[in-house]
Amino acid sequence: MRYAMAIDTNLCVGCSDCVVACQVENNVPVGYARDWVVEVTEGTYPNLAIELRSERCNHCDNSPCVRACPTGASHYAEGGIVLVTPEECIGCAACIESCPYDARFTHPDGYADKCTFCIHRVQNGQDPACVSVCPTTCMTFGDMDDPNSDISKLVKSRKSKVLAPEAGTNPNIYYLT
Amino acid sequence: MKTRREFIKVSTIGVGSLAAAGGLLSSLPIKDIFGQSQKVENNKSNANKQFPTYCEICFWQCAAWVQTDENGEIKSVTGNVDDPHCNGRLCPRGTAGVGMYKDEDRLKNPKIRTTVNGKQVFKDVTWEEALDYIAVKMKKIKVEHGAECTALFTHGSGGKFLGHLLQAFGSTNIAAPSYAQCRGPREVGFIATFGAGIGSPEPTDIRNSRCLVLIGSHIGENMHNGQVQEMSDMIRNNATIITVDPRFSTAASKSKYWLPIKPATDLALLLAWIHEIIYNDYYDKAYIEKYAHGFAELKEHVKNYTPEWAYGITTIEPHVIRETAREMRNASPSVIIHPGRHVTWYGDDTQRLRAVAILNALLGSWGRRGGFYNPESLHLPNFPAPKYPKPNRDWRDAFPGKFNLAGLALASGVCDATVPSITRDCNIKGWIVNGTNLIETLPDQANTIKAIEALDLLVVIDTMPMEITGYADVILPECTYLERYDEIRTSAHRFPTFALRMPAHAPLYDSKPDWWIAKELGNRLGLSDYFAYKDIEEMLDWQLKSVGSSLEEMQKIGVKKFDREEDNLYSLNGEDYEFNTNTGKIELYSTALEEEGFDPMPKYTAHPEPEAGFYRLNYGRAPMHTFSRTANNPQLFELMEENVVWVNPKIAEEWSLANGQEVWLENQDGVVTEFPIKVRVTERIRFDSVYMVHGFGHSKKQLSRAYGRGASDTQLVTRVMLDPIMGGTGMRGNFVTFHTSKPEKTVPDSRKVESSKLVKEEGGKA
Amino acid sequence: MKEELIISGRMNPHVDPILNTWGWEIAFYLFVGGISAGLLFFSALYVIRKKEDIYPAAVKLAPLFVPIFLVLGLGALFLDLHHKLYFWRLYTTVRLESPMSWGAWTLMIITPLSIVWAASFVKEIWPKFNWWNIKLLNDIEKIVIKNRVSIAWPLIVLAVVLGIYTGILLSAFNARPLWNTSILGPLFLTSGLSTAAALIVWLSKSKIEREIFTKIDLLLIGIELFLITHLIMGFLAGGQVQVESAQIFLGGAFTTYFWVFIVMLGLIVPAVLEVMELYGFHIPAFAPSMLVIAGGIIFRFLMIEAGQITRYLY
Ligand SMILES: Nc1nc2c(c(=O)[nH]1)N[C@H]1C(S)=C(S)[C@@H](COP(=O)(O)OP(=O)(O)OC[C@H]3O[C@@H](n4cnc5c(=O)[nH]c(N)nc54)[C@H](O)[C@@H]3O)O[C@H]1N2
Ligand SMILES: Nc1nc2c(c(=O)[nH]1)N[C@H]1C(S)=C(S)[C@@H](COP(=O)(O)OP(=O)(O)OC[C@H]3O[C@@H](n4cnc5c(=O)[nH]c(N)nc54)[C@H](O)[C@@H]3O)O[C@H]1N2
Ligand code: SF4
Ligand code: SF4
Ligand code: SF4
Ligand code: SF4
Ligand code: SF4
Ligand SMILES: [Mo]
């Protein structure tokens, strides 16, 4: 099983609902965020293009954050989800420095925090909070190892990219373009 | 908004200050998600439950569930999957609904304006005192001037109860800014054409459409949920979107065609499209023959409105106009020339929307799949009450012979009618303002304040200490939508639905719902016959039972769907149909407009342009905020703390403006923004205009987050381009220039927004 | 024009690591780690080579600073941890892929070893000191003194590991292009040795010792300059992110700090002073030493700070 997310940049309108939904669902403290929205505009008026991307931890197959962690607090969980066990985390921030996506932050309680792919919801058969709220339904979550899953089919049938592939992290978030 | 590059700048502090930077993180206090430690009494009986509601953060009114935590505290709000407005998905504002409830800056007690040591302050009072005070004042106005000299401004759900109160009292001056400041011209333009308005939610069959033409409507930023969802479906289906917008909107970035039109010239483009569609025989002949009136006149009328002609005005190249016209034809009748919503732009808005309606008619999209569907709702009877008295006059008497086609009261009209003048004798002396921040909502603030100066009584019912509350004689704190019942939502959609709003928590502080306020005031005004129910639960239950449901049922399901009575979702496929117009047909040639002395078919007229050094003030929405009402919402504030002014790189260079630099904007009348606003240098805006999101630049210190963040576009909208047909207030004819430091020069007296009525520093306990 | 905005979510210093997730603590920790490694290296080296008496400052006096440095460094590291109560978790597992982990373990071993090592020289510096007459301590001292050479061997290995570790800790971070270079390990090791040599010159009262360590330091400065040149050339020959990170020192935000404080005042000026001294000019010993040490400190601060603002752009 390999959990992944596909985000259709053609559909995303940058509304940031995914950000609020995550904060509400996961009790993310004020001033912090596990996901964020990037807007890239290229060109010169009137020849312009915008890419909108909702970003979060990529749950990399080859995660530098797991490697950097001196205690094993950062680890792979079911389906390749990368998690932090707060009770094992010393708050050294090595994982934060190691993530090419700046997906992690130090929770005010001291431990490293980031997107969990809402594993608590996924285990209940629900989509992650951000996925389930998105008004444009531009996000699809599922198992890439299952060739019949929506996400496998989407990624197969569409052009997609991952972020900073040259970092060698093998991300599990695909941006459909 | 910050660029990653800016971050780099921020962090390039010297080595010497590293120590401080390192210590910063660890020394921050830990706060809960709302950054507050406000204690709310536990409500264990409500623990871990969910309560139905519909969202009040904008007027799309998505039905939702409110979840409570183990202490019975409100935890989250999520969409109701049975609701066609939202299909189980709220927009960011709806998802952040808890922030409206938890905002610690909320209005907490009723207050009355009093004078202490020569200074006006607000005094905390009990509800008894506040309501008694209002009743005495209202009775006095009735005796001295007549009951019709009162008015209600209301935007949002509770208005139903207050409107009932006002009509029972004897006044029909009931206005919402969602008409003359928003969609009025669209309603009038479509009624003139199809005999029916658009209403809300718009019955646009976007999800089935093959071509959507957006004229300014910036869906995606304009976050009206259902439309955003359906536009997404369209993109997924590879349907064509054509966006006409001088700014590269989010929708434009999703479009096959973006027409970067010169602002204020849309009517020329629309006429050229009509020309193309008629003269190339692109129009739906059978449909036009069967349903339309005035085709020959229209054809003659648009003879000279060629793409080449329009090019000179709009800067849109003729071949683009032709190609896009073909795209529409190819999709017809599954094509929508979107009527927009906030359409009060340039004063000829009714005519522009007429052109939109005509285009839709020519392409046969009205009443067709993928065009405009025929919405249906189910009516709920009103709770039995005596007949309303008939007032002798209303706000319209202030404008003899004018605005006859305005279907609803004009908020700006009521406001103008309140300003004493020799020609007008309306003598409106009392206002109740509910859920509308008139100061930031109506254009020409100085005029709004002049009207307020003339009042004997201004009651403001609000949830937050917004600008308008500073001018009130009495402030009544309403509880938020998560803490109250309201009327049943019965809006029309593809099928009829009901949605219930019920409290998920008892009202915080000393706040009360509108229905209670209306009933209590009614009692004090001797109108208790009009409020013959014990409480709203009794009233709602009575209403629901009359259509075979019940309050109990609705409390469980939240949304109740009904089958359509008639199978006519798409009704105009050759069936006979009589339109509600003079001719019974779709009026390409409007007899109603002609009767009123207006052009029966839209004509192009040019609008003023900015002088050198000035730029047209363009404004709009950000997806994560609603007007001024959400600026202080703790969650939404985090998403976007302030507005910025978009400036084209060429202009920025000319003025040496850097990204992130603060500027003050001054308009053509010498009005300068109270607060500075940061510059966003972006290619997304034309060189002849600047853009900002409406709803920022709050001047009330009590809004602890929003105060002084960004600038208010409303301050700069001092020139109003009045729509002669229905009185809409065109607001896009204002021009601004930049100041890099706060200019010394003061505004001409007539423009000064100062008032003896404004209580700047609220006294008493907060 | 390309405009890249984070429109919501993490536009604030709490979340964006670009804004100094690591502050002075780690820089200080790396500096004292480096200088301690150098000091232990020289002390052990000359014990093995039996030159205690020619180089008394290097062998006997300087190591006394090491435990203090290391304890201060560990203190700084501890300060940097945000979840301090869980500090012990570092020692419940060995994670070979994590430089943090093996750094922690190296320090775990080298710190007590350096205490013992330093303690064995205390009486040579202060002959009256007698360990408060505690027999156990005196016995240990005797054993250590007897086995100095056997202890020196592992110590020298650990010192090199520690020195390299101070560089690898950063260079292992693929995510920060400025750090992600194999030159950082040798560079930090050299810098550590150089600052150690400079401290020894400063401490030493012996002319021969001063002269030899001045020469060593000159050699190390030469190597450092060579490595720095390579570092920059390497970046410039790399991909876009590497080129961009080199720009930080070539016209970018840290150019002045880098060239003035590190290269000029931290390396070239002290080197010139040292050469002048060798040619018989009278230069106060503290001047070049202080410059080298200050340069070493600033270098760590700069690399920490600058590295965190270099990132992948995607
Ligand atoms: N997130 C969010 N969504 C909202 C609201 C909100 O407050 N927040 N409010 C709701 C309400 S009440 C309304 S009325 C709607 C309003 O939403 P719309 O009806 O979509 O709003 P408009 O103000 O008509 O459109 C703004 C767009 O018009 C463009 N524009 C400006 N001048 C011109 C011009 O001369 N020609 C053309 N073609 N375009 C021009 C601007 O660049 C901008 O992109 O939004 C609704 N949705
Ligand atoms: N300059 C400028 N002016 C505009 C527009 C613009 O884009 N620019 N847009 C126009 C349009 S399209 C519209 S529709 C109007 C909208 O105009 P308004 O409806 O006036 O918009 P808001 O500024 O959101 O003001 C809403 C007020 O209701 C209060 N409120 C919120 N919830 C509740 C509640 O539950 N109960 C009560 N009692 N009060 C509540 C808020 O605190 C706030 O004071 O503005 C129009 N005016
Ligand atoms: S909720 Fe969906 S549309 Fe909105 S920003 Fe997030 S991914 Fe984009
Ligand atoms: S995105 Fe960053 S935090 Fe997430 S798994 Fe990859 S490296 Fe780790
Ligand atoms: S901060 Fe926590 S999770 Fe991250 S590397 Fe350190 S111990 Fe591991
Ligand atoms: S998957 Fe869950 S934790 Fe991750 S960003 Fe989405 S809502 Fe947040
Ligand atoms: S569109 Fe958003 S703000 Fe408007 S009612 Fe729906 S959820 Fe609420
Ligand atoms: Mo509106």
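Everything below is about the structure shown above.
Let me begin by describing the structure that accompanies this report. (Residues numbered from 1 in each chain as written. Chains lettered and ligands numbered in written order. Predicted model: local features only at pLDDT ≥ 70, side-chain atom pairs only at ≥ 80, totals over all residues. Heavy atoms only, no water.)

Digging into helix 10 (residues 255–278) of chain C
In an α-helix, one full turn covers 3.6 residues, which means residues spaced three or four apart are oriented alike.
Residues and elements named next belong to chain C.
Line of reasoning, step 1. The sharpest bend along helix 10 reaches about 45° and sits at Met264.
Line of reasoning, step 2. Within the sequence span of helix 10, burial applies to Thr255, Phe258, Ile262, Val263, Gly266, Leu267, Pro270, Ala271, Leu273 and Glu274.
Line of reasoning, step 3. Where helix 10 is buried, its residues contact helix 8 (207–236), helix 9 (240–247) and helix 11 (286–309).
Line of reasoning, step 4. The first or second residue beyond helix 10 is Gly280, which carries a positive phi of 95°. (Bend = angle between axes of the 7 residues up to and from the residue. Helix = DSSP H or I, 4+ residues; strand = E, 2+ residues; numbered from the N terminus. Buried < 20%, exposed > 50% of the residue type's maximum accessible area, 1.4 Å probe, protein only. Contact = heavy atoms within 4.5 Å.)

As for the interface of chain C and chain A
Line of reasoning, step 1. On the chain A side, the residues contacting the 43 residues of chain C number 52 residues.
Line of reasoning, step 2. Taken together, both faces of the contact between chain C and chain A bury some 4,000 Å²; the carbon and sulfur share is 55%.
Line of reasoning, step 3. On inspection of chain C and its partner chain A, the count reaches two salt bridges.
Line of reasoning, step 4. As a salt-bridge pair, Glu97(A) and Arg176(C) come within 3.4 Å of each other at their nearest N and O atoms.
Line of reasoning, step 5. Applying the counting criterion to the chain C and chain A interface returns 21 residue pairs in polar contact (both at pLDDT 80 or more).
Line of reasoning, step 6. Of all the elements in the fold, those that place two or more residues in the side of chain C that touches chain A are strand 1 (2–8) and helix 4 (99–125) of chain C.
Line of reasoning, step 7. For the side of chain C that touches chain A, the element with the highest residue contribution is strand 1 of chain C, accounting for seven residues.
Line of reasoning, step 8. Residues that form the side of chain C that touches chain A fall into these classes: 19 nonpolar, twelve polar and twelve charged.
Line of reasoning, step 9. Bridge count between strand 2 (residues 36–44) of chain A and strand 1 of chain C: six bridges; the pairing is antiparallel. Each residue of the ladder has a partner; that of Val38(A), found in strand 1 of chain C, is Ile6(C). (Buried area = accessible area lost by both parts, 1.4 Å probe. Salt bridge = Lys/Arg side-chain N within 4 Å of Asp/Glu carboxyl O. Polar contact = N/O pair within 3.5 Å; in protein donor to acceptor, adjacent residues only side chain to side chain. Nonpolar A, V, L, I, M, F, W, Y, C, P; charged D, E, K, R; others polar. Pairing = 2+ DSSP bridges.)

Let's talk about empty space enclosed by the protein
Line of reasoning, step 1. By the definition in use, this model includes 13 cavities of 30 Å³ or more.
Line of reasoning, step 2. Looking at the lining of the second largest cavity, its residues break down into eight nonpolar, three polar and two charged. (1 Å grid on protein atoms, 1.4 Å probe; cavity = no way out; pocket = protein on both sides within 12 Å on 5 of 7 lines; lining within 4 Å. Points joined across faces, edges and corners; volume = space filled by probe spheres on them.)

Structural notes on the packing of aromatic side chains
Line of reasoning, step 1. According to the stated counting rule, one finds 55 aromatic pairs over all chains in the structure shown.
Line of reasoning, step 2. Ring centres of Tyr388(B) and Tyr530(B) lie 6.2 Å apart, and the angle between their planes is 10°; this geometry places the pair in the stacked category. Separated by 142 residues along the polypeptide, Tyr388(B) in the loop between helix 15 (349–362) and strand 14 (409–410) and Tyr530(B) in the loop between helix 19 (514–524) and helix 20 (536–545) bring together distant segments of the chain.
Line of reasoning, step 3. The exposure class assigned to Tyr388(B) is partly exposed, which follows from its relative accessible area of 37%.
Line of reasoning, step 4. An aromatic cluster is defined as three or more aromatic residues linked by ring pairs; in this entry it consists of Phe41(C), Phe42(C), Tyr46(C), Tyr55(C) and Phe213(C).
Line of reasoning, step 5. The ring of Tyr279(B) has Lys299(B) sitting right over it, with the charged end atom 5.3 Å from the ring centre.
Line of reasoning, step 6. Looking at Arg732(B), its charged tip hangs above the ring of Tyr619(B), at a distance of 4.4 Å from the centre. (Phe/Tyr/Trp six-rings, centres within 6.5 Å; stacked < 30°, edge-to-face > 60°. Lys NZ or Arg CZ within 6 Å of the ring centre and 35° of its normal.)

A few points about the sheet that holds strand 9 (residues 160–161) of chain A
Residues and elements named next belong to chain A.
Line of reasoning, step 1. In space, the four strands of this open sheet follow the order 8-1-10-9, with mixed pairing throughout. Only two strands of the sheet have a single neighbouring strand rather than two, namely strand 8 (139–143) and strand 9.
Line of reasoning, step 2. Pairing geometry for strand 1 (residues 3–8) and strand 10 (residues 173–176), over four bridges, is parallel. Paired with Met5 across the bridge in strand 10 is Ile173.

Quick word on the pattern of salt bridges
Line of reasoning, step 1. This model, assessed by the stated rule, comprises 63 salt bridges over all chains.
Line of reasoning, step 2. A salt bridge links Asp102(A) to Arg176(C); its shortest N-O distance comes to 2.9 Å. Residue Asp102(A) is located in the loop between helix 3 (94–98) and strand 6 (105–106), and its partner Arg176(C) is located in the loop between helix 6 (148–171) and helix 7 (184–203); the two belong to separate chains. Of the two residues, Asp102(A) and Arg176(C), neither departs from the other in class, the shared state being buried.
Line of reasoning, step 3. Residue Arg247(B) is joined to Glu221(B) by a salt bridge in which the shortest nitrogen-to-oxygen separation is 2.8 Å. Pair noted here: Arg247(B) is in the loop between strand 10 (240–244) and helix 9 (250–253) and Glu221(B) is in the loop between strand 9 (211–215) and helix 8 (225–236), with a separation of 26 residues, a long-range link.
Line of reasoning, step 4. For Arg247(B), a relative accessible area of 1% puts it in the buried group.
Line of reasoning, step 5. One network of salt bridges, with partners in common, ties together Glu56(B), Glu478(B), Arg484(B), Asp486(B) and Arg501(B).

Quick notes on the nonpolar core
Line of reasoning, step 1. Counting 141 residues, the largest nonpolar core has Trp273(B), Ile274(B), Met328(B), Leu362(B) and Leu588(B) as its most contacted members.
Line of reasoning, step 2. With residues near it in sequence (within four places) discarded, Trp273(B) still touches Val213(B), Ile215(B), Ile242(B), Val244(B), Leu259(B), Ile321(B), Thr324(B), Ala325(B), Met328(B) and Leu359(B).
Line of reasoning, step 3. Grouped together as the second largest cluster of nonpolar side chains are 104 residues, Ala73(A), Phe42(C), Trp117(C) and Phe301(C) included. (Core = buried A, V, L, I, M, F, W, Y, C linked by side-chain atoms within 4.5 Å.)

Notes on the pairing of strand 17 (residues 474–477) of chain B
Residue and element names in this part refer to chain B.
Line of reasoning, step 1. The two faces of strand 17 match: Val474 and Leu476 on one face and Ile475 and Pro477 on the other face are all buried.
Line of reasoning, step 2. Direction of pairing for strand 5 (residues 111–116) relative to strand 17: antiparallel, over a ladder of two bridges. Bridge assignment links Ile112 to a residue of strand 17, and that residue is Val474.
Line of reasoning, step 3. As paired strands, strand 16 (residues 457–462) and strand 17 are joined by four bridges and run parallel to one another. Pairing of Ile461 across the sheet is with Leu476, part of strand 17.

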